[in-house]
Amino acid sequence: GALLLRGGPLPHIGWRFVLACAAGGLAQVIGTSLLIMAFGFRNFTVGTAYAKTDAVQAALLGAVLLHETLSWGAWAGIGLGLAGVQTLSLAGQNRATMLRASLQPAALCGIGAGAGFALAGVAIKYAVGTTNSSDVVLAALCAAEIIVIDRSDTALALAAVVRLPTLMLLRLGGRTTSAVPQKLT
């Protein structure tokens, strides 16, 4: 819909564009799944705080994968943001327990979520750059359309992979799927 309203010719969409969009969509699904897992450890603050490291991770991934450069001021700002995340997530703890607290499951899931979101952003930026379009908004809209479709397919596939073995085990055990509890874990 938005693409039609925008008008003009569509940007060149090659295999690199589609592959980068698919990688970005998958990374976003994984990041979201890890963030939800972090909530399951009953430490919402730590999981969310560490997920906010996505900006730092995106800057690092952009530097490594896209050969982007940032000014010293930008890196200083990123470092200050990372220090803020660390302060928020570890508030009230002494230095001896800081490392241990940073390695707890909620923190690790949060860091993984941040990595997923960072990789999604970098992949989408790469995809838009492959179009060589002067209209980056239109290229981003094309990427969004592909990613929405890809994320839906990826989420369905992941749900099937996670739940199918459980359903098959219940069948092999002589039970029917009507015995499957509402929430499979």
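Residues numbered from 1 in each chain as written. Predicted model: local features only at pLDDT ≥ 70, side-chain atom pairs only at ≥ 80, totals over all residues. Heavy atoms only, no water.

### A few points about the overall build of the protein
Along the backbone of the protein there are eight helices and zero strands. When the helices and strands of the protein are placed in sequence order, the string is α-α-α-α-α-α-α-α. Within the protein, the proportion of its 185 residues that are buried is 28%. Taken as a whole, the protein presents about 11,700 Å² of accessible surface, with 68% of it coming from carbon and sulfur. (Helix = DSSP H or I, 4+ residues; strand = E, 2+ residues; numbered from the N terminus. Buried < 20%, exposed > 50% of the residue type's maximum accessible area, 1.4 Å probe, protein only. Areas by Shrake-Rupley, 256 points an atom, 1.4 Å probe, with all protein chains shown as cover.)

### A few points about the nonpolar core
Counting residues in each nonpolar core, the largest one holds nine residues, listed as F17, A20, C21, A127, V128, A139, C142, A143 and I147. Looking at this core, the elements with two or more residues in it are α2 (15–40), α7 (105–130) and α8 (136–172). At four residues, the largest contribution of residues to this core is made by α8. Not counting the four nearest positions on each side in its chain, A20 is found in contact with A123, Y126 and A127. (Core = buried A, V, L, I, M, F, W, Y, C linked by side-chain atoms within 4.5 Å. Contact = heavy atoms within 4.5 Å.)

### Section: the confidence of the model for the protein
Here the protein shows a mean pLDDT of 76. Residues at 70 or above account for 68%. In the model of the protein, helix α1 (residues 2–6) stands out as the element of lowest mean pLDDT, 61, in contrast to α7, which has the highest, 91. Below a pLDDT of 50 lies the segment residues 167–185, which in the model reaches eight contacts outside its immediate sequence neighbourhood of four places, other chains included. (pLDDT = per-residue confidence, 0-100.)

### Remarks on the side chain of T53
You can see T53 is positioned in the loop between α3 (44–51) and α4 (54–65). At 2.7 Å, the side chain of T53 and the side chain of Q57 are in polar contact. (Polar contact = N/O pair within 3.5 Å; in protein donor to acceptor, adjacent residues only side chain to side chain.)

### Things to note about the packing of α2 against α7
Axis separation between α2 and α7 bottoms out at 7 Å; the angle between their running directions is 160°. Between α2 and α7, the angle falls in the class roughly antiparallel. Where α2 crosses over α7, the two elements pack in a sense that is left-handed. When grouped by side-chain class, the residues that make up the contact of α2 with α7 number 19 nonpolar, eight polar and one charged. (Axes fitted to C-alpha atoms, helices over the stretch in contact; angles between N-to-C directions. Parallel < 35°, antiparallel > 145°, perpendicular 65-115°, else oblique. Left-handed = near helix turned anticlockwise from the far one by under 90°. Nonpolar A, V, L, I, M, F, W, Y, C, P; charged D, E, K, R; others polar.)

### As for the state of the cysteines
Throughout the structure, instances matching the rule amount to zero disulfides. Left without a disulfide partner, C142 is nearest to the cysteine sulfur of C21, which lies 8.8 Å away. (Disulfide = S-S within 2.5 Å.)

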